[in-house]
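# A structural walkthrough
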Amino acid sequence: MTPSAADWTRSVPDLAGLDQAARDRLRALCRTASLPAGTRVFGEGSPCQAYLILLSGEVRVQKVAESGREIVLYRVAAGETCIVTTACLMSGVDYDAEGIADSDITAQILPASGFRELLGRSEPFRDFVFRAYGSRISGLLMLIDEVAFGRMDRRLAACLLARAKGSGQVAATHQDLALELGSAREVVSRLLKDFERRGWVVLSRGSVALTDCAALAEIQQTV
């Protein structure tokens with residue numbers, strides 16, 4: 001049985017503090033949405049009309065410059081929410097970033113009016129919203145620090161290890177990794193070639209095999 005087929009709120013650990021009345025109201029206000037990989041969930045300049053609680057899959061939130069250069073701000077995983085959406089709902093402004101489904105996703109959609117209602121009447125729901133907001137803001141500050149001051153080889157090593165998730169394999173093109181790091185594809189390609197020359201990775205079309213994770217971890221820790 002999928003989370004949405006039962007009481008989906010029980011599949012989101014951070015909603016554990018909801019009292020039954022708030023839980024029932026949240027379920028009554030939400031609707032289920034399922035979208036295929038590659039779907040543009042929201043776009044820059046579009047109005048924000050609902051709060052999304054992701055149940056499965058992953059959404060990539062990114063910023064695109066006028067030049068076409070892109071940078072991934074963060075990814076929303078199962079059980080998480082999007083703080084760009086939260087900020088837009090609370091300020092009443094349009095989206096200033098875009099969200100793309102990196103995989104097939106299932107989510108609960110809470111209309112803006114329902115979001116404001118629960119925010120005002122349920123302390124545990126407010127805690128859920130602001131805890132997620134605070135956690136993600138910390139991550140964005142770290143990203144700003146890395147983009148502004150971080151060494152690109154260290155950032156690339158950290159990115160490869162994080163995306164491999166212990167599998168030793170990263171399914172991504174050089175452009176995908178450049179997007180993730182907010183860099184140019186040429187820079188990432190040059191560094192990957194250097195990593196390959198050192199025996200840390202093996203490059204193939206659309207993927208990177210990690211052959212020396214210890215070396216990459218050491219580079220990740222260097223200052």
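Residues numbered from 1 in each chain as written. Predicted model: local features only at pLDDT ≥ 70, side-chain atom pairs only at ≥ 80, totals over all residues. Heavy atoms only, no water.

### Remarks on the nonpolar core
Most often, soluble globular proteins have nonpolar side chains that are buried together. Core analysis: the biggest nonpolar cluster contains 42 residues, and L26, Y51, V61, V84, L110 and F125 have the highest contact counts within it. Mapped by element, the contributors of at least two residues to this core are α1 (20–29), β3 (50–56), β4 (59–64), β5 (70–76), α2 (83–91), β7 (105–111), α3 (112–121) and α4 (123–149). Not counting chain neighbours up to four residues away, the residues in contact with Y51 comprise T81, T85, T86, L89, Q108, I109, L110, F115, F125, F128 and V129. (Core = buried A, V, L, I, M, F, W, Y, C linked by side-chain atoms within 4.5 Å. Buried < 20%, exposed > 50% of the residue type's maximum accessible area, 1.4 Å probe, protein only. Helix = DSSP H or I, 4+ residues; strand = E, 2+ residues; numbered from the N terminus. Contact = heavy atoms within 4.5 Å.)

### Here we look at a nonpolar patch on the surface
A surface patch of nonpolar side chains, amounting to about 280 Å² of accessible area, comprises I137, L141 and I144. Here I144 shows up in helix α4. (Patch = residues over 30% accessible without salt bridge, like charges linked within 9 Å, V, L, I, M, F, W, Y side chains within 5 Å. Areas by Shrake-Rupley, 256 points an atom, 1.4 Å probe, with all protein chains shown as cover. Salt bridge = Lys/Arg side-chain N within 4 Å of Asp/Glu carboxyl O.)

### Re the pairing of β7
With six of its seven residues buried, β7 lies for the most part within the structure. Looking at chain direction, strand β1 (residues 31–35) and β7 are connected through five bridges and run antiparallel. Opposite R31, over in β7, you have I109 as the bridge partner. The pairing of β3 with β7 spans six bridges and is classified as antiparallel. Opposite A50, over in β7, you have P111 as the bridge partner. (Pairing = 2+ DSSP bridges.)

### Quick look at unusual backbone geometry
The phi dihedral of K165 falls on the positive side, at around 50°, and the residue is not glycine. Secondary-structure assignment places K165 in the loop between α5 (152–164) and β8 (169–170).

### Structural notes on the confidence of the model for the protein
Of the residues in the protein, 94% have a pLDDT of 70 or more, and the chain-wide mean is 89. Throughout residues 1–5 the model reports pLDDT below 50, and contacts reaching past four residues in sequence, or to other chains, amount to seven contacts. (pLDDT = per-residue confidence, 0-100.)

### Considering the sheet that holds β7
Pairing in this open sheet of three strands is antiparallel, and the strands run β1-β7-β3 from one edge to the other. Looking at the sheet topology across the chains shown, the edges are occupied by β1 and β3. Neighbour-to-neighbour, the strand axes of this sheet turn through a mean angle of 30°, independent of strand direction. (Axes fitted to C-alpha atoms, helices over the stretch in contact; angles between N-to-C directions.)

### Examining the pairing of β5
Put simply, side chains in a regular strand alternate between the two faces of the sheet. Among the seven residues in β5, five count as buried, and that is most of the element. Pairing geometry for β4 and β5, over six bridges, is antiparallel. Across the sheet, the residue bridging to Q62 is V72, located in β5.

### Observations regarding the packing of aromatic side chains
Within the structure shown, the criterion is met by six aromatic pairs. Residues F115 and F125 carry aromatic rings whose centres are separated by 6.2 Å and whose planes lie at 75° to one another, so their mutual orientation is edge-to-face. Here F125 lies in helix α4 and F115 lies in helix α3, a separation of ten residues in the sequence. Of the two residues examined, F115 and F125, each falls in the buried class. An angle of 45° between the planes, with centres 6.1 Å apart, marks the rings of F125 and F128 as tilted. In this pair, F125 and F128 both sit in helix α4, three residues apart, roughly one turn of the helix. Like F125, the residue F128 is buried in the burial classification. Through a chain of ring-to-ring contacts, three or more aromatic side chains come together here, namely Y51, F115, F125 and F128. (Phe/Tyr/Trp six-rings, centres within 6.5 Å; stacked < 30°, edge-to-face > 60°.)

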